[in-house]
Amino acid sequence: MAWVNAIIQGVLTGGLYALFACGLSLMFGVMKVVNLAHGDLAVVAGYVGVGIITVTHIPVLWSFLIVVPVMAVVGYALQRTLIQSALNRGVLTTLIVTLGLSMVIENALLEFFTANSRGIGASMTLVTGSFSLGSQVELPYLLLLIFAVAVAVLLGLQWFLSGSSYGRLIRAVADDQEAAQLSGANYAHVFGIAAALALGTVALGGMAFGMYSTLDPTAGTDTILLFAFVAVVIGGLGSLWGTLLGGIVLGVAQQIGAQINISDELLAGYLVFLLVLVLRPQGLVSRRAQT
Amino acid sequence: MSVIAQPETRAAQTFRVTRSRRNVVWTGAGALIAVVALADLPYRVYSGTTSLLVQAFIVLTLASMWNLLAGYAGLVSVGQQGFVGLGAYFVLIFALHGLSPFAALPVAAIACGVAALPLWWLVSRLRSGYFAIATWVLAATLMLFIERFNSLGGGTGLPLPGFTGMSPKLLTAYTYWAGLAVTVVALLAVYLLLRSRVGLVLTAIRDDEVAARSSGARVGLARLLVFVVAGVGCGAAGAVLAISQLQVQPSADFSVSWTAEMAFATIIGGLGTIEGPIIGTVVYMVLQQTLQNFNAWYLIILGLVAIVVALFARRGLWGLVDSRLNIRLFPVGYWLRSGRTEGGGTVGSGANPV
């Protein structure tokens with residue numbers, strides 16, 4: 001039963017990893033930007049949440065209503081200024097600028113908020129409670145909620161990108177920036193909207209991570225960026241639902257690794273990633289190999 | 001400095017192909033004098049100065065390697081700390097088997113080059129940004145893997161054996177010379193590599209990868225070679241790090257801040273030039289020394305400067321120097337002069353002078 005429990009926990013954590021990953025995948029899909037500051041921005045979102053909750057004493061779930069829009073605005077602004085001007089200068093510059101941004105954010109957090117870790121809503125029943133199925137299978141409320149949110153976010157993104165007229169605009173710009181521009185689309189604005197969406201999901205991921213675990217300045221690169229990336233590659237580059245599948249595979253691999261030996265949790269996840277890279281570099285559900 | 005003299009029949013058709021716009025004998029002589037002067041330092045200064053310089057040597061070696069990767073081969077690796085850590089741990093492994101750490105250094109560097117082959121096979125499947133994070137994951141995986149071995153100190157690391165009976169003065173001097181030797185060999189290797197046929201391919205990739213591929217340049221092979229050379233270089237730097245710290249520690253040796261440092265030093269100095277990493281290292285060391293009492297501030301400032309330079313001065317500080325003074329300390333390209341007019345253009349380099 002311990003194994004069944006591990007697999008269920010792994011599947012549910014996959015939802016959290018999908019929240020990390022879908023923003024990375026979206027920004028790459030639309031703007032061809034691999035944002036190396038992705039994880040650090042999630043940590044920033046978590047710190048903003050901690051700050052808002054501490055100052056205003058509003059309930060944790062209400063704070064999402066502030067953090068997500070704030071990060072979306074940050075995303076739009078970042079895209080229109082820093083990332084767009086880096087994009088105009090080429091892929092290499094984009095990588096360097098986002099790497100620089102990542103290091104600046106991480107060290108600024110260290111400098112202003114110390115290396116201490118912070119949790120969000122650690123005393124809530126939502127965070128601590130769980131259903132029990134049988135004697136050994138536990139279903140934590142929080143992970144169930146996060147998984148449901150992840151599925152809802154992916155459904156929402158899919159509906160938005162394929163169903164709405166604005167989504168069609170985003171896909172048009174992603175397909176051919178110049179042709180879309182000639183047809184009257186302001187691609188810089190469209191990119192900004194896509195970045196706002198991506199950072200909205202990043203905010204959800206950062207907050208969820210703060211509730212599920214604890215946030216510290218290095219969590220952005222050590223955990224969130226790497227897990228997001230691994231989920232994207234396992235699932236398949238450029239696939240939205242692939243991020244959920246990749247997240248689930250990563251989560252299950254980690255939980256099984258932890259069952260074998262508690263210190264092998266991370267290693268097991270990365271080994272599965274390397275295995276996928278060797279056997280199926282295009283990912284589990286992607287159409288294209290390489291990018 | 002090879003000069004191909006054409007028969008002087010008609011002045012307009014006389015071309016000289018040189019390696020440089022100016023004579024580089026003086027640069028070579030200057031570099032030699034600088035190295036000799038640096039090698040002499042342990043006899044003249046306190047060990048505080050030499051250990052500071054050892055740090056600079058490590059950063060310079062790393063930056064030169066990162067420059068080769070990102071500046072020429074178009075490979076932005078965020079996982080070079082994996083090789084730093086591997087180099088440090090290879091020294092530990094050989095030292096545990098009774099080899100002197102100084103003798104273990106070159107062996108460890110070569111072992112890192114060998115390790116780079118299977119790692120390249122893994123990460124070369126991904127491009128650009130995804131390549132960057134894949135190397136990062138790989139470095140994290142290497143660290144987690146090494147932490148599993150309790151004989152290597154697990155998650156806490158081990159002191160480096162093999163120094164017993166060595167006087168502290170001799171040890172600091174040897175460490176310094178080892179660092180200097182690694183740096184000189186690294187710079188020389190980069191210089192010679194870029195002057196070779198592969199260097200021409202690399203310069204072509206730097207300027208336009210698609211054009212390079214369509215001209216039949218063996219881009220994949222050149223990249224593999226660069227990845228291996230960078231593995232050897234970063235491994236050697238890691239070995240020097242282990243020797244200078246007298247210990248290995250997984251989280252410090254495999255820290256991503258190594259890659260941040262090498263990348264920022266390179267970018268600030270000038271990506272895609274040999275001189276860039278040297279200037280960048282000087283800037284890095286000055287920033288680190290002036291701001292060392294302010295904890296993480298030097299990394300914040302370094303990151304900000306790197307962003308500004310990447311956006312507004314793409315050829316870095318050296319690019320600014322070069323565009324004003326028109327000099328090249330380490331000429332790796334070709335420069336074509338016509339006999340009549342002194343203007344000219346570079347061959348095989350596109351818009352940027354090689």
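Residues numbered from 1 in each chain as written. Chains lettered and ligands numbered in written order. Predicted model: local features only at pLDDT ≥ 70, side-chain atom pairs only at ≥ 80, totals over all residues.

### A look at the overall build of chain A
Okay, so step 1: When helices and strands are tallied, chain A shows 12 helices and two strands.
Okay, so step 2: Each helix and strand of chain A, placed in order from N terminus to C terminus, yields the pattern α-α-α-α-α-β-β-α-α-α-α-α-α-α.
Okay, so step 3: Whereas a compact globule of 291 residues would reach a radius of gyration of roughly 19 Å, chain A reaches 19 Å, a difference of no more than 12%.
Okay, so step 4: In terms of principal-axis extent, the alpha carbons of chain A reach across some 65 × 50 × 35 Å.
Okay, so step 5: A buried classification covers 52% of the 291 residues belonging to chain A.
Okay, so step 6: Of the contacts formed within chain A by residues at least 6 apart in sequence, a portion of 74% connects residues at least 24 apart. (Helix = DSSP H or I, 4+ residues; strand = E, 2+ residues; numbered from the N terminus. Rg over C-alpha atoms; globule rule 2.2 N^0.38 Å. Buried ≥ 20, exposed ≤ 12 C-beta atoms within 10 Å, placed from the backbone. Contact = placed C-beta atoms within 7 Å.)

### Examining the overall build of chain B
Okay, so step 1: Looking only at helices and strands, chain B has 14 helices and five strands in total.
Okay, so step 2: Counting only contacts in chain B whose residues sit at least 6 apart along the sequence, the fraction spanning at least 24 positions is 74%.

### Looking at the pairing of strand E2 (residues 137–140) of chain A
Okay, so step 1: The sheet contact formed by strand E1 (residues 130–133) of chain A and E2 of chain A spans four bridges and is antiparallel. By the bridge assignment for E2 of chain A, Leu133 of chain A is matched with Val137 of chain A. (Pairing = 2+ DSSP bridges.)

### Here we look at the interface of chain A and chain B
Size of an interface: often given as the accessible area lost when the parts come together.
Okay, so step 1: Each side of the interface is counted separately: chain A has 37 residues, and chain B has 33 residues.
Okay, so step 2: The set of elements that each furnish at least two residues to the side of chain A that touches chain B consists of helix H3 (60–87), helix H4 (91–113), helix H10 (219–235) and helix H12 (265–279) of chain A.
Okay, so step 3: Counting residues per element, the side of chain A that touches chain B draws most heavily on H4 of chain A, which supplies 15 residues.
Okay, so step 4: Grouping the amino acids of the side of chain A that touches chain B by side-chain chemistry returns 28 nonpolar, seven polar and two charged. (Nonpolar A, V, L, I, M, F, W, Y, C, P; charged D, E, K, R; others polar.)

### Digging into the packing of helix H6 (residues 168–195) of chain B against helix H9 (residues 219–245) of chain B
All names here are of chain B.
Okay, so step 1: At a closest axis distance of 10 Å, the pairing of H6 and H9 adopts a crossing angle of 170 degrees. Between H6 and H9, the angle falls in the class roughly antiparallel. Contacts from Thr175, Ala178, Gly179, Val182, Ala186, Ala189 and Leu193 of H6 reach H9 at Val229, Gly233, Ala236, Ala237, Val240, Ile243 and Ser244.
Okay, so step 2: Classifying every residue of the contact of H6 with H9 gives 10 nonpolar, four polar and no charged. (Axes fitted to C-alpha atoms, helices over the stretch in contact; angles between N-to-C directions. Parallel < 35°, antiparallel > 145°, perpendicular 65-115°, else oblique.)

### A look at helix H2 (residues 38–56) of chain A
All names here are of chain A.
Okay, so step 1: The terminal C-alpha atoms of H2, which comprises 19 residues, lie 27 Å apart, in line with the 27 Å expected from a rise of 1.5 Å per residue.
Okay, so step 2: Lining the buried residues of H2 we find helix H1 (2–31), H3, H4, helix H9 (187–212) and H10.
Okay, so step 3: At the C-terminal side of H2, His57 shows a positive phi close to 60 degrees. (Expected span 1.5 Å × (residues − 1).)

### Some details on the environment of Val137 of chain A
All names here are of chain A.
Okay, so step 1: Considering the arrangement of structural elements, one finds Val137 in strand E2.
Okay, so step 2: Residue classification places Val137 among the partly exposed residues on the basis of 17 C-beta atoms within 10 Å.
Okay, so step 3: Separated by 90 residues in sequence, Val137 and Phe227 have C-alpha atoms that sit 25 Å apart.
Okay, so step 4: Among residues more than four places away in sequence, those in contact with Val137 are Met1, Val4, Asn5 and Ile8.

### Let's talk about helix H2 (residues 47–72) of chain B
Residue and element names in this part refer to chain B.
Okay, so step 1: With 26 residues, H2 ought to run about 38 Å at 1.5 Å a step, and its terminal C-alpha atoms sit 36 Å apart, in line with that.
Okay, so step 2: Most of H2 sits out of view: 20 of its 26 residues are buried.
Okay, so step 3: Positive phi appears at Gly74, one or two residues downstream of H2, with a value of about 70 degrees.

### Points about the nonpolar core
Okay, so step 1: Core analysis: the biggest nonpolar cluster contains 217 residues, and Val91 and Val240 of chain B have the highest contact counts within it.
Okay, so step 2: Of all the elements, H9 of chain A adds the most residues to this core, at 16 residues.
Okay, so step 3: Setting aside chain neighbours within four positions, we find Val91 of chain B in contact with Pro101, Ala104, Leu105, Ala108, Leu160, Ala239, Ala242 and Ile243 of chain B. (Core = buried A, V, L, I, M, F, W, Y, C linked by C-beta atoms within 7 Å.)

### What about the packing of helix H6 (residues 141–163) of chain A against H9 of chain A?
Residue and element names in this part refer to chain A.
Okay, so step 1: Following both chains from N to C, one finds H6 and H9 inclined at 175 degrees, their axes separated by 11 Å at the closest point. Here H9 runs roughly antiparallel to H6, going by the angle between their axes. For the pair H6 and H9, the contacting residues are Leu142, Ile146, Val149 and Val153 in the first and Thr201, Leu204, Ala208, Met211 and Tyr212 in the second.
Okay, so step 2: When grouped by side-chain class, the residues that make up the contact of H6 with H9 number eight nonpolar, one polar and no charged.

### Notes on unusual backbone geometry
Okay, so step 1: A positive phi angle is found at Lys32 of chain A, which is not glycine, with a value near 60 degrees.
Okay, so step 2: Examined against the element boundaries, Lys32 of chain A turns out to sit in the loop between H1 and H2.
Okay, so step 3: In this structure, Leu246 of chain B takes a positive phi of about 60 degrees despite not being glycine.
Okay, so step 4: When the 13 C-beta atoms within 10 Å are taken as the criterion, Leu246 of chain B is described as partly exposed.

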